Structure formats: C-alpha cells, structure tokens
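This is what each chain is made of:
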Amino acid sequence: MNAIDPNLDHDMEVPDGWGFIPTFDRRDFIKLTTTGLLVMFNLRPAAASPAAQGRGGAAATDLNAFLHIGADGRVTCLVGKIEMGQGIMTSLPQMAADELDVPLSQVDIVMGDTDLCPFDNGTFGSLSTRQFGPVLRRAAAEAKAVLIEMAAERWHVPASELKVDAGTVVHRSDPTKRIGYGQLTEGRRIERKVSVQPTLEPPSAFEIVGKTTLRRDGLDKVTGKAKYAGDIVPPGALHARIVRPPAHGATLQSVDTSAAERVPGVRVVRDGNMVAVLHAHRDEADKALRLVKATFSPSPSTVTDQTIFEHIVKAAPAGNVTASSGDLAAGRTLATQVFDETYRKGYVAHAPMEPHAAVAAVENGKITVWASTQTPFPLKSQIASALDVAPDKVRVITPYVGGGFGGKSAGQQAIEAARLAVAAGVPVRVMWSREEEFFFDTFDPATVLTIRSGFDANHRITFWDYTVIGAGSRGAEHLYDVPHHRTLVRGGWQGATPGMNPFAVGPWRAPGANANAFGRESQIDVMAAKAGKDPVEFRLRNLTDERARGVLHAAAQAFGWTPKAAPSGRGVGVAIGADAGAYVANMAEVEVDRTTGRVQVVRVVCAQDNGITINPDGLEQQIVGGMMQGLGYVLTEEVHFKNGDVTDRNFGTYQLPRFSWMPKLQAVIVKSDLPAQGGGEPSVVPMGAVIANAVFDAIGVRMRQLPMTPARVLEALKGSAT
C-alpha cells in the first residue's frame, strides 16, 4: 500500500449548538477520553429479531465503548449506526439523556466511524430504536449507577441516600451535597465493563423521551452546511470516472485509452478489470471518459420488463413454507365462496437524493474511506478483503447519508474508490452519476403473488393459501384469524436464486412487505366486496389481534370512515399492515379520470402503533415520508429494461412522486406503553393496497399490478370484468 500525503487533515467542522460530532481524528478522540467515565458494554440486545439475524448476522458481541462522560460533564454516545434522514442522531441521545438525567444539550453523538464506534451490522430494518436503543439505555443506566456509587464513596454515605438531578448527584436530605458528573472522575480515566442488566427508568419517569425535539441535522441540511461523502476533499484528491458496461452481464473485451491519456492532467488507472480516468476536476474526467474506446461482449440476459413475471415464476426455487396451520383441503370444504387471484409488482429503484459516493485516501499505510453507506462495518471488511489487507488497516467514516432506503447497504463505490486510491497513490473521489446510480442500484425485486382463499356463510375466512415469488417472507403473514392456512415463499431480495433476476436486487424500505401487503390486503378487499360488506367491518370480523384492531379503529376515526360496501363510487379504501414490530392502518381517498386513467390521491390517513414514541415530531415525519414515498411505487415507479440494459437512467423516464401530486397526508400516532418499535418503514407498507382498494371503490375496477399507471388503469377499465 502506498503511504501518501502525511499532512492529510481528517478534521471536519462540528456544527454549533447541537453536539453532533460527524468525525474527528482518532488521536483527538483518545485525548478526549483520557479522562472521564467510559462505559463499555457487550450485552446482546434483548430483542434480536429474525429480521436482524437475516441482515448480516447477530448483533454486536465485542466489547467496546458505547458511552463516555467527560471531565466537563458532557456525554458522548458512540454509535455504529448512521444518520440518513431517519432522525436517530436526535432520538438516540434523547434516550441516553433521559436515562442519565442530563439535559439533552449535554449529549453529543459520534456515528458510523469504524475506528471510534462499536461494531454494528448496519442501519436497516428499523432496528436502531427497537434493538440498539435498549442497549444504549442500559449503558446509560449503568453509568448513572457508577456515578452514584462514586459519590457515595466520596461522601461516605449509602448510595441509597443519593439521587441524580440534571447531570449531578445530590443527597436526598442534604442539599449541600451536590456534585457534577464530570467532577466525580477527578481528572482520572475510569473504565467500567458492564455485564449485568441494570434497572431502567419506567416510561412514567421519562422527561425527554416522548417530547418533540428539533432534529439536530435539520438546520445544517436546510442551510447546506451538512457534509456528505461527496463534500470530503482531501488535498490532492482526484475525481475518478470508471469505464462501465452497457448492460448487466456484458464483459470488457478491449479498451483503448490512448486519446484520454493525451488530455492534460488526466491519469488512466487500471486495476484488474477496472479501467478509470482520473482528473482534479469532474467535468474534465467526464470528457476524458468519453474518449475511451471500449468494446464489451453482449449480455446473456434475454428478459425484459414485459417478460419478467413469466421468467421469475419459472426461475424461482421451490421455496419454503414459512407458516401453516390446519388443513387447506378442510378449509376449502368449509368455504361457500372461493377466490383465486394473482398480483404483480415490478422492480423499483431506491432513487436517493444523494447518489452513491466515496472518497478514499491512504496515510501511513492505512486507508480511510468516507462513504455514503448504511453498513460501515461490513463495508470495512469488504474493503480489507478487496485490498488484501488486515481490517485494522481500513477505517470507514460515514458523514451524513443523503437517503438510503436499503440501497446503500451495498457499497460498491467505496470499494472502487479504495482500489483506485491505492493504485493511483493519491486520494480518489468516486461519485456515481445518476445514470450509474440507476444501473448499479440493487432494486426492490419484481414479485408475483398467488392467493387462493375462501369464506363461509358468515363471511369468516376458512382458508388462505398464499405463494409469494420474489419478495421474500417479510410481511407475508396474513394477520387474520384463519384456521387453515399456508404461506409459501419462493425466492426473495436476499440470496435470490442465480438467474432469477437480471441484475442485483436488495432491500428497499420495508423490503418485501410492500408487495406482500399489496397482495394480502387486495385479496381481503376482493372478499369483502363479494360478501357485500364494508371493508373495515369485514376486516374486524376476521381479526382479533388487538393492536391491529386498534390502528384500524384509530384510522377510521381520524378519516371519518362511513361504512359502506365497495364499490361505492366514493373512492375510499383501507389496508392494514405490520412491520418492524409496529402496526399500521392506512385509509385513502382517490379520484380516477376514466378518460386518461390518471389516479389522483386526495388524502391518506395512517394510524401507526409502534410502542413508546421517542420523538413525536420525528416519528410523524417518518410516517408522512413513508406515505409520500409509497405513492411512487404505487403510481409510477417501475424500472424498465431489456436484455440486461436498464433503460431508465434518470428521472426523465423514471418518475418519482411530485409536489403537485401530493395529497393531504395525516399521521396518527397511537399511544402505547409497549417498548419502542420501528417507526420509519411501516407506513409505506399498505400504500399499494390502500390505493388499489380506493380505486376499486371509485370505479369498480380491481388493479392487480403495480404501479397503477394510467395505461394500466385504462386497460383495466376496458376489460373491467372483475
């Protein structure tokens, strides 16, 4: 590895007033922690969910620092999670501050730095609050116990006579005995390793959790001060533009870089199968890239967005039964009405505001990579493997991430930057163009769902035979009271069968749950309509889960739902879902233009129960954001492709939701004392079904494929035998 630029400055500006420390040099960190209380923790999270296990293994088990209380009394949370707009850089300090009984302004946070923070699998699956939050609270509770113990020793009194108050330990009956947290360490470095379960504050004692707090990242993001990976510019850094194949599966046959090499300031770098042109200025690198003459073999892929559904049905594995009970044949015998339906959904892109970006620099034999990534620690291992160096020779720093939605679980751009920095011997910046972002995205997979179900004379569901191809098992549970059922899952977004998808697929906000909810809740609506029942009433008739019933009632009240069987001509719909430990019920009102096929969503109400709310305003933003993003996969977003070539390469053809479409959106937070659950993904889950059901209520036409483009609505109207 080349040792370059010994004067490289890793320091970044620390925003004023909020105490968020994006990163700083490890040497400064060591200086910072030479005094004060360092609480180390290795307790496994109490609820390591199956979803977490499925996203890269178990939670952290190594021993590392999670919490530091400095000699000045300031608290620093060290968190392997990253901030990509979901607001945890605000909500996690809220949890720590409440447990430690310190003002929130006294709590800083360091995130996503693999040299400074404890190992973490990544920021995904709505796990930051529900899984990591309890770990952080335990670290804070232990720190509080240690501080009380230190004060008791100093004053020679029982610890039971002491309490904490606003960052100080005080004697319950002698107000003259009062000392700040920082003073207790007396300039010493004190380490505590926690291996027991400390007692946590009950929800009734919360003073910061549950209250709306301004987001720490808000001001910097709206004023342009926030730093993203593409904003990091080490001295001497060059932009890299990489020769790309025209289609997935195409391989490089020959390349002529002679013309590019003649451009002043351009360097051509080859590393294995990667060919790149480097220049100090991005536009000059772009010009040089256009001078490279490369030939590629044809892609072996022959599928298109028109033939993909037939293809994945044939290519999917036999699958696994993930849930079953009773006897399907017996349930079929009990049914007075049977329903066979098939639902489809195309590939969907993540389309984040910030395309994948990374900057890599080598200093004294160690490579530092600033990356837009949701998984800094797994990425560190991948970079070490790609460079064939020990993991401790790699540091990944994660500045703000400009949207991820699961797409930045993959970090190809960071590996490219690291390889090129080592090969070129200078810092290298790799910032994907929008075209590269679309081409290399790991899409939400195309899905085919087949459902056979039936109900008896009392309109109670007697059987449910469910097969999902492509989307995986998340959200495939039926939620309802069905005595005879089976759920078969064939292929998914993780570990998909080779040859099933023509390009990479991966997690997309509530991965797979959106498609599964679209099929399930559409099927429930089909049955309700056939029964001549109001769709809310039909659901309640077949639903005993109290949380599911609770959100349904809450949504109905906020929406002003008036019971009536569909199609009523009103254009209203309902759908429910469960995801990340939370329950949601969405209700929508739409208008459909029978001439153009255009669907205008007028309003959507989402009632969400995700246990204790940490930051109500932040949660509302997540709920509303989920509904807004959901409108895209419901109405317009679908990746087009042919023979390995992704033909949607920008927003000219791939249409995201626009401000002019936005309906009235209302979030209803259902009060709960259950432990905090995931809040960022659930509201997007029922969006496909709730709009499809509202369209049916408006025009009597059942939409069985997403997105519901005007062309598909018109086609359905022409053959409206539903």
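Right above here is the structure, for reference.
The rules behind these values
- Residues numbered from 1 in each chain as written.
- Predicted model: local features only at pLDDT ≥ 70, side-chain atom pairs only at ≥ 80, totals over all residues.
- Heavy atoms only, no water.
- Helix = DSSP H or I, 4+ residues; strand = E, 2+ residues; numbered from the N terminus.
- Expected span 1.5 Å × (residues − 1).
- Buried < 20%, exposed > 50% of the residue type's maximum accessible area, 1.4 Å probe, protein only.
- Disulfide = S-S within 2.5 Å.
- Pairing = 2+ DSSP bridges.
- Axes fitted to C-alpha atoms, helices over the stretch in contact; angles between N-to-C directions.
- Contact = heavy atoms within 4.5 Å.
- Salt bridge = Lys/Arg side-chain N within 4 Å of Asp/Glu carboxyl O.
- Lys, Arg positive; Asp, Glu negative; His and termini not counted.
- Polar contact = N/O pair within 3.5 Å; in protein donor to acceptor, adjacent residues only side chain to side chain.
- Left-handed = near helix turned anticlockwise from the far one by under 90°.
- Nonpolar A, V, L, I, M, F, W, Y, C, P; charged D, E, K, R; others polar.

Trainee: Help me understand helix 14 (residues 513–531), please; the structure alone is not making it clear to me.
Mentor: Because an α-helix completes one turn every 3.6 residues, residues spaced three or four positions apart along the sequence face the same direction. The end-to-end C-alpha separation of helix 14 is 27 Å, in line with the 27 Å expected for 19 residues at 1.5 Å each. For helix 14, a buried count of 17 out of 19 residues is recorded, marking the element as mostly surrounded by other parts of the structure. Positioned one or two residues after helix 14, G532 has a phi angle of 70 degrees, which is positive.

Trainee: For this particular structure, what's the right way to read the state of the cysteines?
Mentor: Covalent bonding between the sulfur atoms of two cysteines is what defines a disulfide. Per the stated rule, a full pass over the model turns up zero disulfides. Not engaged in a disulfide, the cysteine C77 finds its nearest cysteine sulfur in C117; these two sulfurs lie 10 Å apart. C77 sits in the buried class, given a relative accessible area of 0%.

Trainee: I tried to follow the sheet that holds strand 8 (residues 178–180) on my own but got confused; where do I start?
Mentor: Two modes of strand pairing occur in sheets, parallel and antiparallel, and in both the strands are linked by backbone hydrogen bonds. Spatially, 6-7-8 is the arrangement adopted by the three strands of the open sheet, whose pairing is antiparallel. Bordering the open sheet on either side are strand 6 (162–165) and strand 8, each of which pairs with just one other strand. Strand-to-strand, the axes of this sheet are offset by a mean angle of 25 degrees, without reference to chain direction. The sheet strands contacting helix 4 (residues 127–155) are strand 6, strand 7 (168–171) and strand 8, and the helix crosses strand 6 at an angle near 125 degrees.

Trainee: Even after reading the chapter, I still don't get the environment of A226, so can you show me in this structure?
Mentor: As for its placement among the helices and strands, A226 is situated in the loop between helix 6 (218–223) and strand 10 (238–242). Assessed through its relative accessible area of 7%, A226 is described here as buried. Residues A226 and V401, spaced 175 residues apart in sequence, show a C-alpha to C-alpha distance of 9.8 Å.

Trainee: Is there a simple way to explain the pattern of salt bridges in this structure?
Mentor: Where charged atoms of side chains with opposite charge meet at close range, the side chains can pair. A full pass over the atoms with the stated rule returns 36 salt bridges. Close ionic contact of E416 with R244 constitutes a salt bridge, the shortest N to O distance being 2.7 Å. Note that E416 is positioned in helix 12 (residues 412–424) and R244 in the loop between strand 10 and strand 11 (252–256), a separation of 172 residues in sequence. Salt-bridge contacts for D465 lead to R486; the nearest nitrogen and oxygen are separated by 3.1 Å. Linking D465 in strand 22 (residues 461–469) with R486 in strand 23 (residues 484–490), this pair joins segments that are 21 residues apart in sequence.

Trainee: Where do I start with the environment of V362 in this structure?
Mentor: Along the polypeptide, V362 turns up in strand 17 (residues 357–363). According to the relative accessible area criterion, V362 is buried, its value standing at 1%.

Trainee: Explain the sheet that holds strand 26 (residues 599–609) here, please?
Mentor: If you walk across this open sheet you meet the four strands as 24-25-26-29, and the pairing is mixed. This sheet does not close on itself; its edge strands, each paired only once, are strand 24 (572–579) and strand 29 (664–669). When the angles between neighbouring strand axes are averaged without regard to direction, this sheet yields 15 degrees. Of the pairings in the sheet, the one linking strand 26 to strand 29 comprises six bridges and is parallel in character. Within the sheet, the bridge partner assigned to R603 lies in strand 29 and is K664. Each of strand 24, strand 25 (582–592), strand 26 and strand 29 touches helix 16 (residues 546–559); the most contacted strand, strand 25, lies at about 35 degrees to it. On the sheet, helix 18 (residues 687–699) packs against strand 24, strand 25 and strand 26 and is oriented at approximately 35 degrees with respect to strand 25.

Trainee: Teacher, can you tell me more about the side chain of D648 here?
Mentor: By the secondary structure assignment, D648 is in the loop between strand 28 (645–646) and strand 29. Buried charge without a salt bridge: D648, with R649 as the nearest opposite-charge side chain at an N-O distance of 8.7 Å. A polar atom in the side chain of D648 sits 2.7 Å from the backbone nitrogen of H640. At 2.6 Å, the side chain of D648 and the side chain of T653 are in polar contact. Among residues more than four places away in sequence, those in contact with D648 are F438, E638, V639, H640, T653 and Y654.

Trainee: Even after reading the chapter, I still don't get the pairing of strand 6, so can you show me in this structure?
Mentor: A one-sided burial pattern is seen for strand 6, the buried positions being L162 and V164 and the unburied ones K163 and D165. The pairing of strand 6 with strand 7 spans four bridges and is antiparallel. Looking at strand 7, one finds that D165 is bridged to T168. From the end of strand 6 to the start of strand 7, which pair antiparallel, there are two residues, and A166 there has a positive phi angle of about 50 degrees.

Trainee: Which parts of the structure should I look at to understand the packing of helix 3 (residues 88–100) against helix 4?
Mentor: Two quantities define a packed helix pair, namely the angle between the axes and the distance from one axis to the other. In contact at an axis separation of 8 Å, helix 3 and helix 4 are set at 35 degrees when each is read in the N-to-C sense. Relative to helix 4, helix 3 is oriented so that their crossing is right-handed. Between helix 3 and helix 4, the contacting residues are I88, S91, L92, M95, A96, E99 and L100 on the first element and S128, T129, F132, G133, P134, L136, R137, A140, A141, A143 and K144 on the second. Looking at the contact of helix 3 with helix 4 residue by residue, the classes come out as eleven nonpolar, four polar and three charged.

Trainee: Explain unusual backbone geometry here, please?
Mentor: Most peptide bonds take the trans configuration, and most residues that are not glycine carry a negative phi. Geometrically, the link from A566 to P567 is a cis peptide bond, its omega value of 5 degrees lying close to zero. Mapped onto the elements of the fold, P567 is located in the loop between helix 16 and strand 24. Residue P707 is bonded to the preceding L706 through a cis peptide linkage, with omega at 0 degrees. Positive phi values are uncommon outside glycine, yet A351 reaches one of about 45 degrees. Along the chain, the position of A351 falls in the loop between strand 16 (337–345) and strand 17. Among the residues examined, A351 registers a relative accessible area of 13% and is labelled buried. In this model, N643 sits at a positive phi of 50 degrees, which is unusual for a non-glycine residue. Following the sequence through the fold, N643 ends up in the loop between strand 27 (641–642) and strand 28.

Worth remembering: the numbers are spatial, not functional.
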